[in-house]
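Secondary and tertiary structure notes
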Number of protein chains: 4
Amino acid sequence: MSVNTFGHLFRVTTWGESHGPALGCTVDGCPPGVALTEADLQPWLDRRKPGQSKYTTQRREDDLVEILSGTYEGVTTGTPIQLMIRNTDQRSKDYSEIAAKFRPGHADITYHQKYGLRDPRGGGRSSARETAARVAAGGVARKVLAALAPSVAITGYMVQMGTMAADRARFDMAEVDRNPFWCPDPAVAADWAEYLDGLRKSGNSVGAVIEVVAQGVPPGLGAPIYGKLDSDLAAAMMSINAVKGVEIGAGMASAALTGVENADEMTMGPEGPVYGSNHAGGILGGISTGQDVVVRFAVKPTSSILTPRKTVTVAGEEAEIVTKGRHDPCVGIRAVPVGEAMMACVILDHLLLDRGQTGGVRGTIG
Amino acid sequence: MSVNTFGHLFRVTTWGESHGPALGCTVDGCPPGVALTEADLQPWLDRRKPGQSKYTTQRREDDLVEILSGTYEGVTTGTPIQLMIRNTDQRSKDYSEIAAKFRPGHADITYHQKYGLRDPRGGGRSSARETAARVAAGGVARKVLAALAPSVAITGYMVQMGTMAADRARFDMAEVDRNPFWCPDPAVAADWAEYLDGLRKSGNSVGAVIEVVAQGVPPGLGAPIYGKLDSDLAAAMMSINAVKGVEIGAGMASAALTGVENADEMTMGPEGPVYGSNHAGGILGGISTGQDVVVRFAVKPTSSILTPRKTVTVAGEEAEIVTKGRHDPCVGIRAVPVGEAMMACVILDHLLLDRGQTGGVRGTIG
Amino acid sequence: MSVNTFGHLFRVTTWGESHGPALGCTVDGCPPGVALTEADLQPWLDRRKPGQSKYTTQRREDDLVEILSGTYEGVTTGTPIQLMIRNTDQRSKDYSEIAAKFRPGHADITYHQKYGLRDPRGGGRSSARETAARVAAGGVARKVLAALAPSVAITGYMVQMGTMAADRARFDMAEVDRNPFWCPDPAVAADWAEYLDGLRKSGNSVGAVIEVVAQGVPPGLGAPIYGKLDSDLAAAMMSINAVKGVEIGAGMASAALTGVENADEMTMGPEGPVYGSNHAGGILGGISTGQDVVVRFAVKPTSSILTPRKTVTVAGEEAEIVTKGRHDPCVGIRAVPVGEAMMACVILDHLLLDRGQTGGVRGTIG
Amino acid sequence: MSVNTFGHLFRVTTWGESHGPALGCTVDGCPPGVALTEADLQPWLDRRKPGQSKYTTQRREDDLVEILSGTYEGVTTGTPIQLMIRNTDQRSKDYSEIAAKFRPGHADITYHQKYGLRDPRGGGRSSARETAARVAAGGVARKVLAALAPSVAITGYMVQMGTMAADRARFDMAEVDRNPFWCPDPAVAADWAEYLDGLRKSGNSVGAVIEVVAQGVPPGLGAPIYGKLDSDLAAAMMSINAVKGVEIGAGMASAALTGVENADEMTMGPEGPVYGSNHAGGILGGISTGQDVVVRFAVKPTSSILTPRKTVTVAGEEAEIVTKGRHDPCVGIRAVPVGEAMMACVILDHLLLDRGQTGGVRGTIG
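Residues numbered from 1 in each chain as written. Chains lettered and ligands numbered in written order. Predicted model: local features only at pLDDT ≥ 70, side-chain atom pairs only at ≥ 80, totals over all residues. Heavy atoms only, no water.

Section: the overall build of chain A
When you go through chain A residue by residue, the secondary structure sums to eight helices and 18 strands. The C-alpha radius of gyration computed for chain A amounts to 21 Å, which stays within 12% of the reference 21 Å derived for 366 residues, consistent with globular compactness. The dimensions of chain A, computed from C-alpha atoms along their principal axes, are 70 × 50 × 35 Å. Within chain A, the fraction of its 366 residues that count as buried is 69%. Only carbon and sulfur atoms are counted for the fraction: they give 52% of the accessible area of chain A, which is about 10600 Å². Charge centroids of chain A, computed over 36 positive and 40 negative side chains, lie 6 Å from each other. (Helix = DSSP H or I, 4+ residues; strand = E, 2+ residues; numbered from the N terminus. Rg over C-alpha atoms; globule rule 2.2 N^0.38 Å. Buried < 20%, exposed > 50% of the residue type's maximum accessible area, 1.4 Å probe, protein only. Areas by Shrake-Rupley, 256 points an atom, 1.4 Å probe, with all protein chains shown as cover. Lys, Arg positive; Asp, Glu negative; His and termini not counted. Charge placed at Lys NZ, Arg CZ, Asp CG, Glu CD.)

Given below as structure tokens:
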């Protein structure tokens, strides 16, 4: 019930503000006996960290993660794992304008309305810096998955920026790590680079769509009716800052399909059913089928922009606001490793939940 | 942690299979002192119940709800409310084909894989009949909302069937109750009627998009980071049978917006901030803004169709399947009252959660 | 977070009032594939049901349990199991006095204070009738334990009534089913019978101590720090009506022991460590040791008595109250099967929780 | 469901091992707008910290608490509060004997059995050092209670050591802070001092009983049936290291009372009902009555003692163990502030939970 926690058995509670001394998370319920050191987590944090290209915020944070508990001699003990990341680049800055005026499209106003006060420094708790803690937790989940379900492979990438969608015909997964957008279509990535450069210079920002795929997920994960694999993925992705839509498999486009088209027909392969298509996104009735689990989510454009926007002040006066500072022109870029981390956590959580209830027994086919 | 429960403080646990003796739900955490009888709930169930037009399943269920606990002399006591609906139309039927073959796009196969057995009669627990329990719970939530937050009004309607979208320029909310699709655009509703008639006759089905709007939601509801109002709505809607995508406000289309376009600019009105647009769908940082809360979800086409589809059997043989029986050609139609019910439950839950933590204190503007 | 639910993975939500149409519970998270019919549950309910001897309430309830969901062809499917018990002996009676006056030592006044209203008929939700639902759930847990951990055997019995304690030197477990007090010491049971007869005639009641032992519990169950096996047992037992104290192993008497006395020394047996004593009650650090899990709890005397007691009315006037009706002179008697049921549920819950996190891997000794 | 979390709305997740770099807790759900700095918490930690008298462990820890998140300019923001305490006195020491042999009465063996490995340094996660985090969280709860329910006053004290009980006729609460045992009976405290001195020198230890009283708790807190105030207190106290029994009000002695004796009779006072006694310990039906909430718990003797005890090794060999090091001869002493902290957390949690469900509306009397 903690509103800063996600997961059923593999539970992650994050804490911390953008400009406080540190942020982090407690990972509870981690299986014991899994090798885990900071070196296993740091590469994932490095993928997310700011300042890696001109397309992300120029804030410089090393985002070094420390494991404060839950391991002994480099192995998980089954007790809570505390992961802490120091905030190192809290430039002294005047936050009085942000404290006084609400940025349109930003959580400034709702935190103020709900809590009566807020930490205006860098967005406080509503800052996307919170996602560093998720990425660290996702790193733990990946290590455990590697031990318990080595078939699972999780990959995220950007499939749309603004109105420009990637072309699946050009997809080459080897390209994902070769451009600053984690895009498998190098042609569209080049277009995005140019487009984003212009946007940034004009003091604007843009949205994006991210796709995250988990391959090798065993069938049988997910718990109907309100702990469905897709419900939990939807909640996980929607909880990421700036996300406004989540799709599984064919997603919103399912509405346009007929039942004949949508049916993922099956034939029998040597190791079980083989599906002719994957409109289901690897999930039926909230339970994994064994096909790729496919999730997409839309990230809205960064709300902190240099172009003046009309707003009101805490005092109730009308005003214009221009948000200076080091902001991502497309916050969707850094959402890629975050989406991967959420996928890893959800898959592992359901793996544990399933073996808790069923003991991992499976119905056979053939 | 119950995987058949949703909600934090207003908690609904549903139970029951399509062809068992009954189904229902336990509503726990309901505030005391609210007038509540079966007559308050039945109208919502009547909206959802099958057999109301030729566009929904011809199964005939009265769906009469009984309150078995939690009220005294027609008033809620604060103790668990048990709502039971007898299953009356369990035609004796031969389920041996469905028991032996998996319907493509249906939960048959995943229940089998996960649990090793399943109740094949009418889909068992994975049947959309489960949603009757949600609608009953939603009726309770509406009564409580009427007492605690009378400004809240919740309306659901269909905005797309197949490839045919409703035209917002033609929206007239008075039309919603005048066509079998709960559509505010009467012109497209007429097109849908003709289209669906043809589909049904050809043994096919189709998907749909539903929109649910909650007006009058006070600002300040929602609990960052993992109990966000939008996260919980995403999970709630994604948990409805056949839903494959969920959007808040501008939704997936946010990706195509620039920050300048997406900013919902504010001016000052007599009662506080006034927004010039609502791309946010009434939620910023997971907390309600006071604008309309707008959710959309896509429902895939019914997977039980008369057109033969390739599949496999439990024995591992390849086969064709034709699903006879009384199935909805567009299961999205009956998802409208279900989506409304989920919205009511989530809004109430967050209202209780907010007053638990903050006592309902609000930051003022002006 | 449902306050009418207990358990982590094997979760039981009870509902219902003493004089409503029915009461029951939803059992969620039950493993699939376990044979289960009403005949498995009824014997446990029969043990708890009233009117079996002159030492319990003369209310006559058949307490017939119906399984409304969660099984198919007599086997659990992994979906929620709804267990319903009709209330059949709701004598029409005048509850106006109980509605107006608060019984000292009874929940009448606190329900009124908290909720502003209460169901006065037979105590409403605060009636010990609620425990019938627990016993039914415990029956399910026993069936699952028999399948997953057949070594587990759970036995409850009364060890003290009023000031008269049973003598462990005389314990013969075969006696438990031979007297109306489930007492392994037949001599004290005879004394109790005579004592209770007198008490009942004088319009008085008395307290008791119940002990519940689970033998054959595998080592390794329990989840530090706040889901400890003993914490969960303490909560489970304390939640039973009228319970005022809970002990594990040596319990409150641990305070009087020295460390030298309290140490349960170990030697090595053919199958692992053998303990020379069991002050720990089978639990160390919140985790089972493999020894007998031993819990005791004290049940206060029934508060509804024929002897006049001073009280106040809802209107705020001073008054005397004499509670007529069919009340247990020693409600502790019927708490025996309830304590057993709670033990069964907690043990099973931790068995599932453990295999969720650890997969049942165990550290070896020797 | 996190097994390292307690609380419903005011939720505390603790983490950390005895000899890791740090330990602490995340407090989630704290109301916003409450003044809070380290200076509010440190005094409670100072009460618990070791090395304050010769009757507690001579380990020296400053136990300085740092607030890493959740406050802004010294006021709570409603976001998670991270409290961290560095472990400063991790003497380099040879833990090979403890790693190889299990201390009788200690969690060594069960952690090994459950997790397959354990952190042997100072007991790892099972060390009583974990309670420092609870005391810090309790300090937060006290600050919030002071703001929301200033009538509440929480006091803990020792009432029994070994076989020597304090005499309530001699109780003087002003004495509690004047002796190293937090005992309101100075005479018995002097006896304990002498007794404990001898025990310590002989390499032995002893148990104790602690009583914690919350005065001024408003009526109506607690949530039947499985979130009862007494159930939650029982779980909270039983989760403290070495606790083996928990009592509410008359506790285990309730068993010896008759209904006539046990009835806490009521008369009418100027501000509502006045009770003639408090066998109920301030709780009826799981809900507070407005009387003092009275909890007692028994703490077993420290299991780490200098007297040799028989045990087995990880390798399965029989052995003797003598536990050297800096151990409390009566760990019950330092359990006093821990019990107070748990009481504060539980009372606040139920205050928030109650206002969530009922809005704080109360039934009137008179």
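Observations concerning the nonpolar core
Counting residues in each nonpolar core, the largest one holds 396 residues, and the members touching the most others are A:F181, C:F181 and D:F181. Excluding residues that lie within four positions of it along the chain, C:F181 makes contacts with C:Y55, C:M158, C:M161, C:A189, C:W192, C:A193, C:L196 and C:I333. (Core = buried A, V, L, I, M, F, W, Y, C linked by side-chain atoms within 4.5 Å. Contact = heavy atoms within 4.5 Å.)

Topic: the sheet that holds strand 10 (residues 208-215) of chain D
Here 10 strands make up an open sheet; going across it, the order is 9(C)-8(C)-10(C)-16(C)-11(C)-11(D)-16(D)-10(D)-8(D)-9(D) and the pairing antiparallel. The open sheet is flanked by strand 9 (164-165) of chain C together with strand 9 (164-165) of chain D, the only strands paired with a single partner. Here two bridges tie strand 8 (residues 153-161) of chain C to strand 9 of chain C, and the two strands are oriented antiparallel to one another. Each bridged residue has a counterpart across the sheet, and for C:M161 the counterpart in strand 9 of chain C is C:M164. (Pairing = 2+ DSSP bridges.)

A look at the interface of chain A and chain B
Facing 114 residues of chain A, the contacting portion of chain B comprises 115 residues. With both chains or domains summed, chain A and chain B bury close to 8800 Å², and 62% of this area falls on carbon and sulfur atoms. Ranking the residues of chain A by area buried against chain B places A:K114, A:Y226 and A:K244 at the top, with a combined share of 10%. Where chain A packs against chain B, one counts 60 residue pairs in polar contact (both at pLDDT 80 or more). Looking at the side of chain A that touches chain B element by element, the count peaks at seven residues for helix 3 (residues 108-115) of chain A. (Buried area = accessible area lost by both parts, 1.4 Å probe. Polar contact = N/O pair within 3.5 Å; in protein donor to acceptor, adjacent residues only side chain to side chain.)

As for the interface of chain A and chain D
With 40 residues of chain A in contact, the opposing surface of chain D contributes 40 residues. Taken together, the two surfaces of chain A and chain D that pack against each other cover about 3100 Å², and 63% of this comes from carbon and sulfur. Linking chain A to chain D there are zero salt bridges. Our count for the chain A to chain D interface comes out at 10 residue pairs in polar contact (both at pLDDT 80 or more). Listed by contribution, the elements that provide at least two residues to the side of chain A that touches chain D are strand 2 (11-16), strand 3 (22-28), strand 6 (75-76), strand 7 (81-86) and helix 3 of chain A. Here the side of chain A that touches chain D is built from residues that sort into 17 nonpolar, 15 polar and eight charged. (Salt bridge = Lys/Arg side-chain N within 4 Å of Asp/Glu carboxyl O. Nonpolar A, V, L, I, M, F, W, Y, C, P; charged D, E, K, R; others polar.)

Some details on the relation of the copies chain A and chain D
Mapping chain A onto chain D is achieved by rotating through 180° and translating by 0.0 Å along the same axis, at an RMSD of 0.0 Å. Such a combination of turn and shift is consistent with a two-fold rotation axis. A share of 100% of interface residues in chain A that are also interface residues in chain D marks the association as one of identical surfaces. (Least-squares fit on C-alpha atoms with pLDDT ≥ 70 in both.)

With respect to unusual backbone geometry
Of note, the bond from A:P224 into A:I225 is cis; its omega dihedral lies within 30 degrees of zero at 5°. By the secondary structure assignment, A:I225 is in the loop between strand 10 (208-215) and helix 6 (229-238). In this structure, C:W182 takes a positive phi of about 50° despite not being glycine. Following the sequence through the fold, C:W182 ends up in the loop between strand 9 and helix 5 (186-201).

Section: the pairing of strand 2 (residues 11-16) of chain D
Residues and elements named next belong to chain D. Counting buried positions along strand 2 gives six out of six residues, so the element sits mostly inside the fold. Of the two faces of strand 2, the one carrying R11, T13 and W15 and the one carrying V12, T14 and G16 are both buried. Here strand 1 (residues 5-6) runs beside strand 2; their pairing, made up of two bridges, is antiparallel. Looking at strand 2, one finds that T5 is bridged to T13. If you look at the hairpin formed by strand 1 and strand 2, you'll find four residues sitting between the two strands, and G7 has a positive phi there, around 105°. Two elements, strand 2 and strand 3 (residues 22-28), share six bridges in a ladder whose sense is antiparallel. In the sheet register, T13 faces strand 3, and the bridge partner there is T26. Hairpin connection from strand 2 to strand 3: five residues lie between these consecutive antiparallel strands.

Let's talk about the pattern of salt bridges
Residues and elements named next belong to chain A. Going through the model one piece at a time under the given rule, you end up with 88 salt bridges over all chains. Salt-bridge contacts for E340 lead to R142; the nearest nitrogen and oxygen are separated by 3.1 Å. On the criterion of sequence distance, the pair formed by E340 in helix 8 (residues 332-358) and R142 in helix 4 (residues 131-148) is long-range, its members being 198 residues apart. Among the residues examined, E340 registers a relative accessible area of 3% and is labelled buried.

Digging into the sheet that holds strand 3 (residues 22-28) of chain C
Residues and elements named next belong to chain C. Within the open sheet, the five strands sit side by side as 1-2-3-7-4. Their pairing is antiparallel. Looking at which strands have only one partner, the edges of the open sheet turn out to be strand 1 (5-6) and strand 4 (65-67). Contacts between helix 4 (residues 131-148) and the sheet are confined to strand 2 (11-16), strand 3, strand 4 and strand 7 (81-86), with strand 3 contributing the most and set at about 35° to the helix. (Axes fitted to C-alpha atoms, helices over the stretch in contact; angles between N-to-C directions.)

Observations regarding helix 6 (residues 229-238) of chain C
Along helix 6 of chain C, 10 of the 10 residues are buried, which leaves the element largely enclosed by surrounding structure. Burial in helix 6 of chain C covers these residues: C:L229, C:D230, C:S231, C:D232, C:L233, C:A234, C:A235, C:A236, C:M237 and C:M238.

Focus: the relation of the copies chain A and chain B
With an RMSD of 0.0 Å, chain A superimposes on chain B once it is rotated by 180° and translated 0.0 Å along the axis. Here 100% of the contact residues of chain A are again contact residues in chain B; the copies associate through an equivalent surface.

Quick notes on the packing of aromatic side chains
Residue and element names in this part refer to chain A. Applying the stated criterion to the full structure yields 16 aromatic pairs over all chains. When the centroid spacing of 5.9 Å and the interplanar angle of 85° are considered together, the rings of F181 and W192 count as edge-to-face. Here F181, found in the loop between strand 9 (164-165) and helix 5 (186-201), pairs with W192, found in helix 5; they are 11 residues apart in sequence, far enough to count as distant. Relative accessible area serves as the criterion here: at 0%, W192 is assigned to the buried category. A cation over an aromatic ring shows up here: R142 above the ring of W44, its NZ or CZ 3.7 Å from the ring centre. (Phe/Tyr/Trp six-rings, centres within 6.5 Å; stacked < 30°, edge-to-face > 60°. Lys NZ or Arg CZ within 6 Å of the ring centre and 35° of its normal.)

Some words on the packing of helix 1 (residues 38-48) of chain B against helix 4 (residues 131-148) of chain B
Residues and elements named next belong to chain B. At a minimum axis distance of 8 Å, the contact between helix 1 and helix 4 shows a crossing angle of 140°. By the angle between their axes, helix 1 is oblique relative to helix 4. Where helix 1 crosses over helix 4, the handedness of that crossing is right-handed. The segment helix 1 lies against helix 4, with D40, L41, W44, L45 and R48 engaging T131, A132, V135, A136, G139, V140, R142 and K143. Across the contact of helix 1 with helix 4, the residue classes break down as seven nonpolar, two polar and four charged. (Parallel < 35°, antiparallel > 145°, perpendicular 65-115°, else oblique. Left-handed = near helix turned anticlockwise from the far one by under 90°.)

A short note on the side chain of B:N204
Note that B:N204 resides in the loop between helix 5 (186-201) and strand 10 (208-215). The exposure class of B:N204 is buried, given its relative accessible area of 15%. Polar side-chain contacts of B:N204 include one of 3.1 Å to the backbone nitrogen of A:G259. Those residues in contact with B:N204 that lie beyond four places of it in its chain are A:T258, A:G259, A:V260, B:L199, B:I305, B:T307 and B:P329.

Quick look at the pairing of strand 10 (residues 208-215) of chain C
Residues and elements named next belong to chain C. Burial analysis of strand 10 places seven of its eight residues in the buried class, the great majority of the element. Where strand 10 lies against strand 16 (residues 293-299), seven bridges are found, and the strand directions are antiparallel. Considered in strand 16, the bridge of E211 is made with R296.

Observations regarding the environment of C:I85
All names here are of chain C. With respect to the helices and strands, I85 occurs in strand 7. With relative accessibility at 1%, the residue I85 sits in the buried group. Counting along the chain gives 82 residues from I85 to D167, while the straight-line C-alpha distance between them is 37 Å. Excluding its chain neighbours within four sequence positions, the residues that come into contact with I85 are A22, L23, L45, D63, L64, V65, R129, A132 and A133.

Here's the deal with the packing of helix 4 of chain C against helix 8 (residues 332-358) of chain C
All names here are of chain C. At a closest axis distance of 8 Å, the pairing of helix 4 and helix 8 adopts a crossing angle of 45°. Between helix 4 and helix 8, the angle falls in the class oblique. The way helix 4 lies across helix 8 gives a crossing that is left-handed. Two secondary-structure elements touch here, helix 4 through T131, R134, V135, A137, G138, A141, R142, V144, L145 and L148 and helix 8 through P337, V338, E340, A341, M342, A344, C345, I347, L348, L351, L352 and R355. Along the lines of polarity and charge, the residues of the contact of helix 4 with helix 8 split into 16 nonpolar, two polar and four charged.

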